[in-house]
Each structure stands twice: as structure tokens, then as C-alpha cells.
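Structural overview
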Amino acid sequence: SSTNTISLPANSAPNFVATTEGSQAYVLLPNLTSVGVVNTVGNSLSGTFPVGNNPVAMAETPNAQKLYVANQDDSTISGFNINGPNLSPRVGSPVSTTSPPIWLVARSDSQALYALELNGTLAWLDTSSTAGPDILTETSNPLIQVAGATTMTYDPNLIRLYIPGGQQMAIVDVSQSPPQYLAGGPIPTCDQAPHSSNCIPTVAPSSRGASDPCSLTSAQTLTVVAV
């Protein structure tokens, strides 16, 4: 099919696009510390609005009424109400986080926004207020603090978050508040968990045949990279 090119300001370094709408999209312009509103009918930039330093992620609520931007260098989340091609800051915006926010996900009912922080902490905003403010809560559950996580995936059918990082994948039920940890974590080798039914079978190198190439190897640490 045909391809259209949308011109953006010079050296704006666009790095993220988000939309839930048919006629409008949003693009982060980190070198301009702003978010741009794109008219997807006319394929043009209709306006830019200021955000914090180094915006890295963005999420629009499914009802197309609110937009949120993660500002990594400021450790803040900017919130906007969407008024056609215009964005107006929500009351209390921006909201500060303990660790820099690096990923955002909006819940399918548009009543909550989830933020992954650089240190692996899951935080969430109550976005039910029409104008704001949005109240931020950061989890204190160590099982939901996934060190090394850089993204998370939202399941709109089961209303869950999947957060992979390091040797762990946390599965979090976000249909309730506060979010509840369901499962995840590293699957151990059976020599480390001999009484577990959920482990990776291993045979010690000394017990392997001389022709078995694994006799020269040792167990390696598993790393979760994506879900």
C-alpha cells in the first residue's frame, strides 16, 4: 500500500509513538523535551507540548482521554488531558517517582496506569479522576521488584502484567488494587531444588559419559529477555 512521510522538527530525535485513536497519534521528541500530536488523516504534525527531560515511553488510556509520558532524567511522569489536537496538563502533573520511569502501560478500563521504574519497581497511578491529580503508589512487594526489567507486557484478557528481567518473570494481577503477585521467578535446576516438581533436570558432569559434550560444561544462569 502507499506510504506517507510525516515531517517532524529538525534534530527532534523521535523515539516513541503511541495511539489508541483513528485520527491522532503521539510522538516523543526528546531533543525538544516535548510530545508531538500527529494528525493521521492529514499526515502532519499539528502541535507540540512540553514534557520533562529525556522522555522515553508513553501510554494513552484506551478511552482516548488521557496521555502519560515517562521522563527518565527527571524521574517524573507527565499527565495530559486530550482535547482534540490540544493537550492540557492534568492537575498535579508531573508526578515524581522514586526511580526513573522507563515503561508505561494503561489498564484496559482507563482507570489505572502502570509504570516500570529503572530499579525494577512497579508503580501505578489511579487515573480515575477526570482532571487529576493522579495518586502514585509504588509497590513494596519484593516479588514485584524485577531487577533488570526494561519492559512489561499487558494482557487485557486476564488483566495481568508480565515483567521479565534477569532470572525472573513476575506475573502480576492488576485487576485489583493493589496489584497482586501471582507467579514467576527463576526456575531452579533440580540439583538446587531436589524436592521440586518444577525444576530443570541436570546430571553432574562427573556422571556423564566421556563422549557426552556436556561432560565439559557446567550449568549456566538463565536470563529472561522478553515475553
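Residues numbered from 1 in each chain as written. Predicted model: local features only at pLDDT ≥ 70, side-chain atom pairs only at ≥ 80, totals over all residues. Heavy atoms only, no water.

Focus: the side chain of Arg 107
Looking at the secondary structure, you find Arg 107 in the loop between strand 10 (101-106) and strand 11 (112-117). A polar contact is formed between the side chain of Arg 107 and the backbone oxygen of Val 174, at a distance of 3.0 Å. Ignoring sequence-local partners within four residues, the contact set of Arg 107 consists of Pro 62, Ala 112, Tyr 114, Tyr 154, Ile 159, Val 174 and Ser 175. (Helix = DSSP H or I, 4+ residues; strand = E, 2+ residues; numbered from the N terminus. Polar contact = N/O pair within 3.5 Å; in protein donor to acceptor, adjacent residues only side chain to side chain. Contact = heavy atoms within 4.5 Å.)

A word on the sheet that holds strand 12 (residues 122-126)
A sheet is described by the order of its strands in space; here four strands give the open sequence 10-11-12-13, paired in antiparallel fashion. Pairing within the sheet leaves two strands with one partner each, and these edge strands are strand 10 and strand 13 (135-138). On average, adjacent strands in this sheet sit at an angle of 25 degrees to one another, irrespective of strand direction. Examined bridge by bridge, strand 11 and strand 12 share five bridges and lie antiparallel to one another. Counterpart to Tyr 114 in the pairing with strand 12 is Trp 124. (Pairing = 2+ DSSP bridges. Axes fitted to C-alpha atoms, helices over the stretch in contact; angles between N-to-C directions.)

Things to note about the packing of aromatic side chains
Scanning the model with the defined rule gives one aromatic pair in all. Judged by centre distance (5.8 Å) and plane angle (75 degrees), the rings of Phe 16 and Trp 103 are edge-to-face. Separated by 87 residues along the polypeptide, Phe 16 in strand 1 (residues 16-18) and Trp 103 in strand 10 bring together distant segments of the chain. Since its relative accessible area comes to 17%, Phe 16 is described here as buried. (Phe/Tyr/Trp six-rings, centres within 6.5 Å; stacked < 30°, edge-to-face > 60°. Buried < 20%, exposed > 50% of the residue type's maximum accessible area, 1.4 Å probe, protein only.)

A short note on the layout of surface pockets
Approximately 170 Å³ is the volume attributed to the second largest pocket. If you go around the second largest pocket, the residues you meet are Phe 16, Ala 18, Thr 19, Thr 20, Met 58, Ala 59, Glu 60, Pro 62, Trp 103, Leu 104 and Ala 106. When residues of the lining of the second largest pocket are traced back to their parent elements, those giving at least two are strand 1, strand 5 (55-60) and strand 10. Considered class by class, the residues forming the lining of the second largest pocket number eight nonpolar, two polar and one charged. (1 Å grid on protein atoms, 1.4 Å probe; cavity = no way out; pocket = protein on both sides within 12 Å on 5 of 7 lines; lining within 4 Å. Points joined across faces, edges and corners; volume = space filled by probe spheres on them. Nonpolar A, V, L, I, M, F, W, Y, C, P; charged D, E, K, R; others polar.)

A word on the environment of Tyr 114
Within the fold, Tyr 114 resides in strand 11. Residues Tyr 114 and Leu 136, spaced 22 residues apart in sequence, show a C-alpha to C-alpha distance of 9.5 Å. Within the structure, Tyr 114 has its side chain in polar contact with the side chain of Arg 107 (distance 3.2 Å).

Here we look at the pattern of salt bridges
Under the criterion given, the structure shown has two salt bridges. Its salt-bridge partner being Asp 134, residue Arg 90 comes within 2.7 Å of it at the nearest N-O pair. One end of the pair, Arg 90, is in the loop between strand 8 (86-89) and strand 9 (95-96); the other, Asp 134, is in the loop between strand 12 and strand 13, and 44 residues separate them in sequence. Since its relative accessible area comes to 7%, Asp 134 is described here as buried. Residues Arg 107 and Asp 109 are paired through a salt bridge, measuring 2.9 Å at the closest nitrogen-oxygen approach. Residue Asp 109 is classed as partly exposed on the basis of its relative accessible area, which comes to 39%. (Salt bridge = Lys/Arg side-chain N within 4 Å of Asp/Glu carboxyl O.)

Quick word on the side chain of Thr 61
Residue position: Thr 61 is located in the loop between strand 5 and strand 6 (66-71). A polar contact is formed between the side chain of Thr 61 and the side chain of Asn 63, at a distance of 2.7 Å. Those residues in contact with Thr 61 that sit more than four places away from it in its chain are Thr 20, Lys 66, Tyr 68, Ala 106 and Ser 110.

None of the figures reported here should be taken as evidence of function without further support.
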